[in-house]
Amino acid sequence: MSIHVGNAETARPFPDAARAALDDAQLRTNVRNATNIIQAKRNNMTAELADWEALRNAAHAIKTHTLRYLDVYLEQFEANVTREGGKVHWAADADEANQIIARIIADRGGKEVIKVKTMTSNEVRLNECLEAQGITPIETDLADLIVQLGNQDPSHIVVPALHINRTQIRDIFRSKLPLHELGIEDLTDDPSQLAEAARLYLRHKFLTVDIGISGANFAVADTGAIVLVESEGNGRMCLTLPDVLITLVGIEKIVPTFRDLEVFLQALPRSATGERMNPYNSIWTGIAPGDGPTEFHVVLLDNGRTDVLANGEGREALNCIRCGACLNVCPVYHQTGGHAYGSVYQGPIGAIITPQLQSLEHSRTLPFASSLCGACYDVCPVKINIPEILIYLRGQIIRENQRTVAGKFDLENMAMQAMALVFASSGVMTTAEAIAKLAQNSFVHDGVIDSLPAILSGWTNSRDLMPIPEQSFRQWWSQRRKEQ
Amino acid sequence: MISDSRSAILSRIRAANKLAATAEREREYGAVARDYRIQGSLNDADRLHLFDERIRHYNGTPFYSTGDIKSDIAAILARRSKHTLVIPAEFPSDWLPEECHFIRDENLTKQQLDGVDGVLTTCTLAIALTGTIVVESSSAQGRRAATLIPDYHLCVVRQSDIVELVPEAIRRLERIKHRPLTFISGPSATVDIEMTRVRGVHGPRTLDILLI
């Protein structure tokens with residue numbers, strides 16, 4: 001198996017990458033501005049629906065049910081796509097998905113393909129694979145185009161260029177777009193001018209390239225329909241104008257029936273971009289004679305998803321509908337932005353999906369990249385209990401570490417083991433408290449411990465520690481009982 | 001090779017789920033609690049008012065018919081300075097004002113669609129709460145490309161086709177759920193630059209609604 005999640009297997013550990021991000025003041029300003037705007041919009045849009053909680057509950061129940069019978073629904077979906085004139089391919093891993101797609105393109109002599117934003121294609125590194133075979137993938141989502149032209153990585157699952165501000169975008173366009181040929185003489189950083197430049201640049205591609213690639217927000221089992229939710233119309237261009245359309249779909253994107261869209265087409269736009277409805281939703285099934293492509297391929301991708309499904313505690317991560325609300329609300333993401341996560345899936349949801357897809361062999365620092373404040377759970381439209389899964393994954397990683405010699409003699413592990421012994425017995429606890437009270441004296445300044453030595457300095461580097469008080473709660477409690 | 005992956009993926013799913021209660025599937029699905037709003041509560045006037053407000057919120061412009069649809073269309077197109085429009089093959093002829101030039105879409109090329117001023121269609125239904133119109137692929141409402149490539153879209157909406165809620169719309173669309181459907185909420189837009197909604201990227205940059 002060759003399971004890849006972007007370049008996560010070679011990414012730096014989160015603490016190292018985060019430190020670099022924290023030094024970039026411009027990045028932090030951009031991320032803070034954008035996430036504040038999107039959060040406020042999302043909060044307004046969910047608050048105005050009296051039945052928002054009922055929608056969340058239904059979304060959670062539908063997704064959980066679907067995973068329990070995923071095999072049945074995938075077979076239904078396949079049968080319906082086939083009946084409607086499409087062809088379904090199954091890809092066990094990233095390499096197989098790339099091979100299938102590259103072969104379809106090569107068999108038709110394609111040299112260029114137009115792409116709608118698909119995080120799944122970033123997950124399997126499709127663009128690299130196509131370029132290696134002499135095929136040019138053209139990203140048509142504005143943010144993806146910015147990221148592609150700027151040779152950057154996406155930093156957010158909904159708004160991949162969230163870390164770049166309008167002036168930086170103008171500079172990328174000035175250096176990478178043929179502005180003169182497009183008739184643009186003096187490009188400013190006005191967002192509508194930037195959008196106009198992208199419109200002019202891509203229009204010719206839309207009208208001439210014969211093969212399109214898309215992802216899917218939902219795949220509907222009972223009709224074989226694919227649902228694509230977007231704003232700009234680039235998605236509609238890619239899925240209706242080319243002769244050949246290839247849609248890459250993670251197997252967890254299935255919903256049982258067309259009717260279920262009444263839940264998800266409310267939950268997704270309000271959570272993702274803070275809109276009552278995004279400008280365009282496209283729903284299509286197989287081939288429609290006289291309207292759109294004459295050839296339609298769906299590639300169903302596993303790439304580690306069935307491993308996640310086999311994990312009773314962690315499988316809920318597969319309920320994700322990629323709205324990004326948990327990123328926007330996360331205090332850690334706010335500070336670091338998305339690149340520090342080293343994955344195409346960033347933020348809290350990325351911290352549970354990325355390591356699980358890779359069977360915890362890589363990205364092992366991500367489950368620790370959270371303060372466990374629970375804000376991600378509160379905003380999740382499908383009610384994924386992200387903090388609980390983070391804790392569960394931390395436990396798995398620590399237990400795996402303890403089985404190695406280095407892990408067993410790791411200072412933190414030894415300290416934790418010692419703490420466990422202390423907490424297990426009230427006598428030992430009382431003695432330990434007494435010793436600690438004596439030992440802390442030299443570290444207390446102005447009533448707080450502001451600097452600890454060696455390994456313990458990690459705690460006091462950025463915050464003060466309250467000293468152990470003269471009388472502990474347990475002492476106070478037993479004294480009070482004696483006095484009564 | 002391909003069929004190998006198919007059976008491998010399906011058997012891995014079955015192993016992960018460890019249950020053979022397939023007979024229970026439909027009952028379990030039916031037991032999903034749908035306590036969200038399924039029926040709207042507004043009267044006709046309030047529903048229309050809500051649709052009007054929501055369409056404007058996303059930069060669409062509603063117009064109200066005087067009863068003479070042909071002259072309504074003429075007035076809107078004159079105001080927008082649009083002269084050449086593409087129309088679906090079965091768009092009603094008696095709604096077409098003589099002073100404009102209409103081209104029926106009988107397999108126009110992409111380049112031809114790119115050369116017109118706009119497109120004139122009807123729609124299947126509209127959703128008041130979200131300010132959305134739903135267009136189906138049919139000879140009356142046209143191909144998807146026709147409502148996409150031209151820069152201007154004028155859509156005729158029957159007031160009786162406006163529903164209040166998304167679930168009401170989805171349930172009405174059930175009978176045509178195999179056709180390509182497009183939900184349109186305002187002109188094309190992007191929020192990719194600093195999360196600010198900017199009007200007009202690849203789809204029509206102006207969306208007018210004529211309510212009849």
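Residues numbered from 1 in each chain as written. Chains lettered and ligands numbered in written order. Predicted model: local features only at pLDDT ≥ 70, side-chain atom pairs only at ≥ 80, totals over all residues.

All names here are of chain A. A sheet is described by the order of its strands in space; here 6 strands give the open sequence S1-S10-S7-S4-S2-S3, paired in parallel fashion. What marks the edges here is a single partner per strand, and that holds for strand S1 (87-91) and strand S3 (136-139). In this sheet, neighbouring strand axes are inclined to one another by 25° on average, regardless of whether the strands run parallel or antiparallel. (Pairing = 2+ DSSP bridges. Helix = DSSP H or I, 4+ residues; strand = E, 2+ residues; numbered from the N terminus. Axes fitted to C-alpha atoms, helices over the stretch in contact; angles between N-to-C directions.)

To continue, consider the interface of chain A and chain B. With 75 residues of chain A at the interface, the matching set in chain B holds 63 residues. In the side of chain A that touches chain B, the residues fall into 41 nonpolar, 20 polar and 14 charged. (Contact = placed C-beta atoms within 7 Å. Nonpolar A, V, L, I, M, F, W, Y, C, P; charged D, E, K, R; others polar.)

Moving on to the domain arrangement of chain A. When cut into domains, chain A gives domain 1 (8-305) and domain 2 (410-483). A separation of 51 Å is found between the C-alpha centroids of domain 1 of chain A and domain 2 of chain A. (Domains from an automatic or database assignment.)

Here we come to unusual backbone geometry. All names here are of chain A. In this structure, Ser 359 takes a positive phi of about 50° despite not being glycine. Structurally, the position occupied by Ser 359 is in the loop between helix H16 (347-357) and helix H17 (375-379). Positive phi, normally seen in glycine, also occurs at Lys 383, with a value near 55°. By the secondary structure assignment, Lys 383 is in the loop between H17 and helix H18 (386-402). The partly exposed category is assigned to Lys 383, around which 19 C-beta atoms lie within 10 Å. (Buried ≥ 20, exposed ≤ 12 C-beta atoms within 10 Å, placed from the backbone.)

Bringing the packing of helix H9 (residues 166-176) of chain A against helix H10 (residues 191-208) of chain A into the picture now. Residues and elements named next belong to chain A. The interhelical angle for the contact between H9 and H10, taken along N-to-C directions, is 30°, at an axis separation of 10 Å. Here H9 is positioned roughly parallel relative to H10, judged by the angle of their axes. At the point where H9 passes H10, the crossing takes the left-handed sense. Here Arg 166, Ile 169, Arg 170 and Phe 173 of H9 lie close against H10, whose contacting residues are Pro 191, Leu 194 and Ala 197. Class assignment for the residues of the contact of H9 with H10 results in 5 nonpolar, no polar and 2 charged. (Parallel < 35°, antiparallel > 145°, perpendicular 65-115°, else oblique. Left-handed = near helix turned anticlockwise from the far one by under 90°.)

Take the environment of A:Pro367 next. Residues and elements named next belong to chain A. Along the chain, Pro 367 falls in the loop between H16 and H17. Judged by the 25 C-beta atoms lying within 10 Å of it, Pro 367 falls in the buried class. Placed 26 residues apart in sequence, Pro 367 and Leu 393 show a C-alpha to C-alpha distance of 6.4 Å. Not counting chain neighbours up to four residues away, the residues in contact with Pro 367 comprise Ala 351, Ile 352, Pro 355, Leu 390, Leu 393, Arg 394 and Ile 397.

Let us look at the sheet that holds strand S6 (residues 225-230) of chain A. Strand pairing in a sheet relies on backbone hydrogen bonds. The paired strands run either parallel or antiparallel. An order of S8(A)-S5(A)-S6(A)-S9(A)-S9(B)-S6(B)-S5(B)-S8(B) is seen for the 8 strands of this open sheet, with the pairing classed as mixed. Of all the strands in the sheet, just strand S8 (254-255) of chain A together with strand S8 (162-163) of chain B have a single pairing partner and so form its edges. Helix H6 (residues 166-173) of chain B contacts strand S5 (125-127), strand S6 (132-136), S8 and strand S9 (181-184) of chain B of the sheet and is inclined by roughly 160° relative to S5(B).

A:Val227, A:Phe264, A:Val299, A:Leu300, A:Cys326 and B:Val157 are the most contacted members of the largest nonpolar core, which totals 189 residues. The contact partners of A:Phe264, leaving out residues within four places of it in the chain, are A:Ala59, A:Phe218, A:Val255 and A:Ile321. (Core = buried A, V, L, I, M, F, W, Y, C linked by C-beta atoms within 7 Å.)

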